Amino acid sequence: MKQQLKYFFRRMAAKPAYSIITFSGFTVGILAGLLIYLWVYNELNYDKFHMDYNRIYRVLTLSKQGTEIVKSAGSYRALPPTLKSDYPQIEYATYLSYSSEDSPLQISDESEKIEARRVWVTNDFFSIFNGFTFIEGDAYDAINTPNCIILSQNIARKLFGNEPALGKTIISDKYGKEIFTVGGVLKIPKNSHIDFGYILPEYKSRFGEGAWFDWSDKAFTHVYIKLREGAQIDETFLNNISNHVSRYSNKTDKLLFQPLADIHLHSDYGSGYYDQDISSYKYVLIFSGLALIIILMASFNFSVLSIARASERSTEIGIKKVNGANKLSILKQFMGESIIQTIASAIVAIAIIYAVLPAFNHLTGKEIHFNWSFQLALDIIILALLTGIIAGIYPSFFLSSFKPINIFRGGSVSGSRTGFIRFLVVIQFTIAIFFTTATFIFLKQLNYIHNKDIGITRNDVVVIPTGLWYSNKDFKNALLKNPNIQSVSASTQAPVDVGWKLNFSLEHEGIIDSMEAEQFFVDEDFAKTYNLQVIKGQFLKMNYDDYWKEGEKANEERKAGRQSTISLPVVINETAEKMLGFDDPLGQRIGNYIIIGVVKDFNYKTLYHSIGPLFLTNNPEAISTISVKINPFNRSETLKFIRDTYQKYRDQRGFSYQFFDDIIEAKYQNEKHLKNVTLLFSILAIAIAIMGILGMAIFSIDRRTKEIGIRKVNGANVTKVLILLNRNFLLWVAISFVIATPVAYYVMNNWLQNFVFKTGLSWWIFLLAGLLALGIALLTVSFQSWKAATRNPVEALRYE
């Protein structure tokens with residue numbers, strides 16, 4: 001082994017150009033493979049830090065909504081106690097019941113407020129989720145102590161800095177003034193789908209014992225169970241539990257059970273309230289494929305150069321065989337050289353990982369750490385060995401098959417494999433062109449998303465979460481005194497991913513149809529603030545007083561024994577108008593609503609979704625967001641004015657804001673990360689392809705040194721020599737373009753189908769990718785060709 005290493009390094013030093021190319025290619029390939037390995041490992045291990053995670057399930061519900069069956073992560077607060085008591089297979093059951101909005105916290109009446117996500121849990125919570133580490137306090141004491149609050153590490157630092165939080169008091173005026181004692185501080189791992197600001201044990205502590213058996217609402221509650229050791233979710237269990245909800249309530253929901261470890265990658269339903277970082281298994285497959293492709297490209301480089309340089313090593317092989325070496329020993333030698341090189345490259349790649357991992361985390365939006373373990377070390381060794389074997393197996397068999405008699409007769413021993421060499425180079429550039437095309441299409445779609453007219457203004461709108469705020473008129477009027485503020489509107493949320501369902505019946509020609517639309521609660525200034533176009537009738541004019549009066553009137557009618565009627569104004573979009581089918585929708589009644597206007601369709605969901613029917617109406621009991629349209633100038637001064645005014649009128653809550661265009665952009669983080677990684681690996685793929693074609697160019701030109709000298713002596717100029725040397729390489733790139741284009745078209749067209757609104761696959765994208773690859777190949781080969789073409793022919797002939 002020592003002798004083989006010595007010989008290996010001697011050969012590396014003898015041919016530095018080839019050595020650098022193959023070593024760099026291996027290093028880049030293994031680096032890419034390791035980075036993707038770390039990313040995939042992180043994705044596949046979401047929520048697995050909990051002990052016995054394979055016994056933990058989230059309870060899903062199947063509900064009938066109109067004519068549709070909808071799967072949801074939302075469940076009822078009454079499920080945990082009833083499931084635990086009725087089914088012996090279930091050892092623990094709990095819920096996470098989230099507050100519908102963030103809550104203000106402060107450590108004293110004078111201190112600054114911060115907003116945090118509140119969640120109520122039952123006593124079984126930490127018996128199920130035992131992977132949440134207590135930095136301060138103890139799980140048992142924290143969950144069983146009255147009036148106790150358990151903070152996340154992030155919220156504890158915001159409140160107390162680096163000082164201990166355990167035992168200190170915290171004030172919240174979410175539901176009137178409440179004072180809690182800190183019973184613990186939790187660390188929530190990044191690879192957890194559960195996220196919260198703080199925990200309050202036992203929902204019943206505030207809402208009474210009856211809250212345990214609440215079957216009325218499931219919008220903000222997630223239920224989890226943990227099976228007993230050896231128990232399973234089998235067909236018998238599912239049959240027994242199928243009618244569980246209907247046994248206790250008038251609901252017809254059916255229950256499903258999703259393994260905890262499947263939530264991150266295999267959630268085929270709208271992500272539950274406050275689920276963190278839900279992704280898809282498809283990205284794991286895509287990234288794994290990218291790693292394999294990059295490693296194969298690096299291996300191809302080694303194979304190409306090894307076969308191309310076969311003639312240089314033929315004498316060595318011939319002498320060894322004459323002296324008694326058999327085919328197996330020579331095969332071992334060349335395979336060993338390949339493996340040694342990949343192991344050395346792996347060591348360098350590991351060193352580089354420590355430097356580039358922060359940047360990679362930024363590109364992918366992850367928090368990946370390179371922590372050594374036996375499994376990681378074993379996986380790296382296996383990766384290096386497999387890469388070495390893949391790279392060396394064909395050259396080893398090819399070189400070890402040389403016959404001494406043919407070697408000493410002379411001739412080219414690599415010529416018979418020229419077609420295979422060309423094939424490998426074509427494959428490399430096909431992959432590089434595919435990656436480049438994919439990156440351009442990602443960029444084009446993201447640019448389309450960023451610039452598409454969604455029917456409402458998206459720029460210079462400040463969105464402020466305020467919590468439920470029945471009367472904000474004084475606040476709005478105070479803001480409008482600032483000349484840099486153009487308009488102010490109150491609504492349920494920012495107009496993206498609106499999701500309140502409205503079910504109603506509509507009679508048409510004697511037939512009663514059950515229909516469904518999205519409902520969005522806004523005030524009279526929403527159209528002005530977001531530049532919504534009213535195409536029929538008028539926008540909402542009703543104020544909050546009118547809403548309360550309608551409610552009082554309905555109550556009086558019910559007390560008098562009459563059927564109560566409410567007449568609330570509603571504005572619908574064009575899609576709803578078409579769905580309703582009225583010749584003139586203005587004045588028509590839909591349930592409790594009277595249509596007063598029609599607005600032009602706008603994208604109130606992400607571009608993954610088509611525009612559905614939408615009802616815009618006013619409801620002060622569902623208003624928790626303020627939108628402020630500002631001038632683009634003097635932003636910092638305007639934001640300071642908004643903050644000061646907010647703290648004057650809404651001092652019970654902390655102030656935070658986002659710009660509406662940033663909220664929209666955040667909805668496409670997966671696409672941005674996919675684009676970033678594709679761009680990164682496009683660069684790596686092109687770099688490896690360049691190394692391959694550079695190595696082939698050096699070898700080809702070295703073999704043709706004498707030919708070039710003779711041609712120049714016979715009058716060939718530099719241009720003719722350049723054309724002669726570059727022609728074959730450019731032909732290979734052209735073939736790669738022909739192969740890569742239909743593949744890229746098929747794959748990227750399928751990816752674009754995820755979007756209802758999408759850009760087109762323009763022909764110039766494919767041409768640009770091909771020209772870029774052609775230009776890179778031309779520059780790479782031409783540099784070597786120029787040196788050969790401008791060399792003095794006398795030197796070239798003397799060299800030969």
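Quick note: structure is the one above.
All of these numbers come straight from a predicted model, not from anything done at the bench.

**Q** For this particular structure, what's the right way to read the sheet that holds strand 24 (residues 658–659)?
**A** Sheet strands pair via backbone hydrogen bonds, and the direction of the pair is either parallel or antiparallel. Strands sit in the order 15-23-14-24 across an open sheet of four strands; the sheet is antiparallel. Each edge of the sheet is formed by a strand with only one pairing partner; in this case those strands are strand 15 (485–491) and strand 24. Where strand 15 and strand 23 (residues 625–630) come together, six bridges link them in antiparallel fashion. Each residue of the ladder has a partner; that of Val488, found in strand 23, is Val628.

**Q** For this particular structure, what's the right way to read the side chain of Ser338?
**A** With respect to the helices, strands and loops of the structure, Ser338 is situated in helix 12 (residues 327–364). Here the side chain of Ser338 touches Gly388 through a polar contact of 2.6 Å, landing on its backbone oxygen. In contact with Ser338, other than residues within four places in its own chain, are Phe302, Gly388, Ala391 and Gly392.

**Q** Explanation requested: the packing of aromatic side chains in the structure shown.
**A** Each aromatic ring pair is characterised by the separation of its centres together with the angle its planes make. Per the counting criterion, the structure on display carries 33 aromatic pairs. For the pair Trp751 and Phe755, a centre-to-centre distance of 5.4 Å together with 70° between the ring planes defines the contact as edge-to-face. Classification of Trp751 as buried rests on a relative accessible area of 9%. A relative accessible area of 2% places Phe755 in the buried class. Each member of the aromatic cluster is reached from another via a ring pair, and the members are Phe49, Phe125, Phe126, Phe129, Phe132, Phe134, Phe196 and Tyr224. Positioned above the aromatic ring of Phe757 is the side chain of Lys452, whose terminal nitrogen or guanidinium carbon lies 4.7 Å from the ring centre. The positively charged end of Arg635 is found above the aromatic ring belonging to Phe659, 4.2 Å away from the centroid.

**Q** Just checking my understanding: could you explain helix 12 for this structure?
**A** The α-helix advances 3.6 residues per turn, and as a result positions three or four apart in sequence lie on the same side. For helix 12, with 38 residues, the first-to-last C-alpha span of 47 Å runs short of the 56 Å given by 1.5 Å per residue. Taking the largest bend as the criterion, helix 12 deviates by roughly 55°, centred on Val356, and proline Pro358 comes between one and four positions later. Downstream of helix 12 by a residue or two, Gly365 has a phi angle that is positive, lying close to 70°.

**Q** Would you mind going over the pattern of salt bridges with me for this structure?
**A** Note that side chains of opposite charge can pair when their charged atoms are close. Taken as a whole and assessed by the stated rule, the structure comprises 20 salt bridges. Arg118 is paired through a salt bridge with Glu178; the nearest N and O atoms lie 3.3 Å apart. Taken together, the positions of Arg118 in strand 6 (residues 118–121) and Glu178 in strand 10 (residues 178–187) put the pair 60 residues apart, joining distant regions of the chain. A single burial state applies to Arg118 and to Glu178, both of which are buried. Glu163 is the partner of Lys168 in a salt bridge, and the nearest nitrogen-oxygen pair spans 3.4 Å. Given a relative accessible area of 29%, Lys168 falls into the partly exposed group. Through salt bridges with shared partners, a single network forms among Asp52, Arg55, Glu91, Lys226 and Glu229.

Conventions and cut-offs
- Residues numbered from 1 in each chain as written.
- Predicted model: local features only at pLDDT ≥ 70, side-chain atom pairs only at ≥ 80, totals over all residues.
- Heavy atoms only, no water.
- Pairing = 2+ DSSP bridges.
- Helix = DSSP H or I, 4+ residues; strand = E, 2+ residues; numbered from the N terminus.
- Polar contact = N/O pair within 3.5 Å; in protein donor to acceptor, adjacent residues only side chain to side chain.
- Contact = heavy atoms within 4.5 Å.
- Phe/Tyr/Trp six-rings, centres within 6.5 Å; stacked < 30°, edge-to-face > 60°.
- Buried < 20%, exposed > 50% of the residue type's maximum accessible area, 1.4 Å probe, protein only.
- Lys NZ or Arg CZ within 6 Å of the ring centre and 35° of its normal.
- Expected span 1.5 Å × (residues − 1).
- Bend = angle between axes of the 7 residues up to and from the residue.
- Salt bridge = Lys/Arg side-chain N within 4 Å of Asp/Glu carboxyl O.

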